[in-house]
Amino acid sequence: MDNETLRLEVRDEVGGERPKRLRKDGYIPAIVYGHEMESVPAQIKESDLRRFLSSRGKNSVFTTEFAAEHDFCGLIKDIRYDPFGNSITHVDIQRVSLDEKIHASVPIKTVGKEKLDRTKSVIVHQLNEVTIEC
């Protein structure tokens, strides 16, 4: 695990039209939960989240900067997208302990499809993701 962190901010206002206003201001609403912690509403700058996802992906453990007393290691558990576009509407972040085992779903991706296309080979996938314990 490298030193890249994801900066979260505590979100005081929840419900109603507030998430829509939050997204309009360039933030994504989020919820942080898990390992000996009550659920806490948060917000993430959309640009920071997209940069993080492009460099680290969805399935990596990372450290957060979240109100000094709440800094922790986390894992993105779920990302919800707008059904009519590519915009992110909400993120669930699970707090994890580096001493305990967790279960995570990891997508299976085929690498080198171009070579298969040239040889007119076919791969039949029976699984799109695998659940692992780590």
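Reading the values: the criteria
Sequence order as written defines residue numbering, which begins from 1 separately in each chain. Residues qualify for local features only when their pLDDT is at least 70, as the model is predicted, and side-chain atom pairs are given and counted only at 80 or more; totals for whole chains, interfaces and linings, by contrast, use all residues. As a rule here, side-chain values come from all non-hydrogen atoms in the structure, and water together with hydrogens is ignored. The term salt bridge refers to a side-chain nitrogen of Lys or Arg lying within 4 Å of a carboxyl oxygen of Asp or Glu. The secondary structure listing takes helices from DSSP runs of H or I that are at least 4 residues long and strands from runs of E that are at least 2 residues long, numbered from the N terminus. The buried label applies to any residue whose accessible area, calculated with a 1.4 Å probe on protein chains only, is under 20% of its type's maximum; exposed applies above 50%, and partly exposed to all values in between. In these notes, a set of buried Ala, Val, Leu, Ile, Met, Phe, Trp, Tyr and Cys residues joined through side-chain atoms within 4.5 Å is what counts as a nonpolar core. The contact definition used throughout considers only heavy atoms, calling two residues in contact when any of these lie within 4.5 Å. Strand pairing follows a simple DSSP-based rule, namely that at least 2 bridges must link the two strands.

*Asks:* Explain the pattern of salt bridges to me, using residue names and the numbers behind them.
*Replies:* Here the structure, examined in full by the defined rule, presents six salt bridges. The salt bridge partner of arginine 80 is aspartate 92, with a shortest N-O separation of 2.8 Å. Remark: aspartate 92 occurs in strand S6 (residues 88-96) and arginine 80 occurs in strand S5 (residues 73-81); sequence separation between them is 12 residues. Under the relative-accessibility criterion, arginine 80 is labelled partly exposed at 37%. On the basis of relative accessibility, which here comes to 10%, the residue aspartate 92 falls in the buried class. Note that lysine 101 is salt-bridged to glutamate 133, the shortest N-O span being 3.6 Å. Placement of lysine 101 in the loop between S6 and strand S7 (103-107) and of glutamate 133 in strand S8 (residues 129-133) is noted, with a sequence separation of 32 residues between them. Overall, the relative accessible area of 65% leaves lysine 101 in the exposed class. Via salt bridges that share partners, Asp78, Arg80 and Asp92 belong to a single interconnected network.

*Asks:* Talk me through the nonpolar core; I want residue IDs and the actual numbers.
*Replies:* Counting 20 residues, the largest nonpolar core has Leu8, Val32, Leu49, Phe66, Ile76, Val91 and Ile93 as the members making the most contacts within it. Among the secondary structure elements, those contributing two or more residues to this core are strand S1 (5-10), strand S2 (27-34), strand S3 (37-45), helix H2 (46-56), strand S4 (62-66), S5 and S6. Ranked by residues supplied to this core, first place goes to S3 with four residues. For leucine 49, the contacting residues outside a window of four places in its chain are Leu6, Ile28, Ile44, Ile76, Ile88 and Val91.

*Asks:* Could you give an account of the pairing of S4, with specific residues and numbers?
*Replies:* Burial along S4 is one-sided: the face carrying Phe62, Thr64 and Phe66 is buried and the face carrying Thr63 and Glu65 is not. In this sheet, S4 lies alongside S1 in parallel orientation, the contact comprising four bridges. By the bridge assignment for S4, threonine 5 is matched with threonine 63. Across two bridges, S4 lies against S5 in antiparallel orientation. Directly across from phenylalanine 62, in S5, lies its bridge partner glycine 74.

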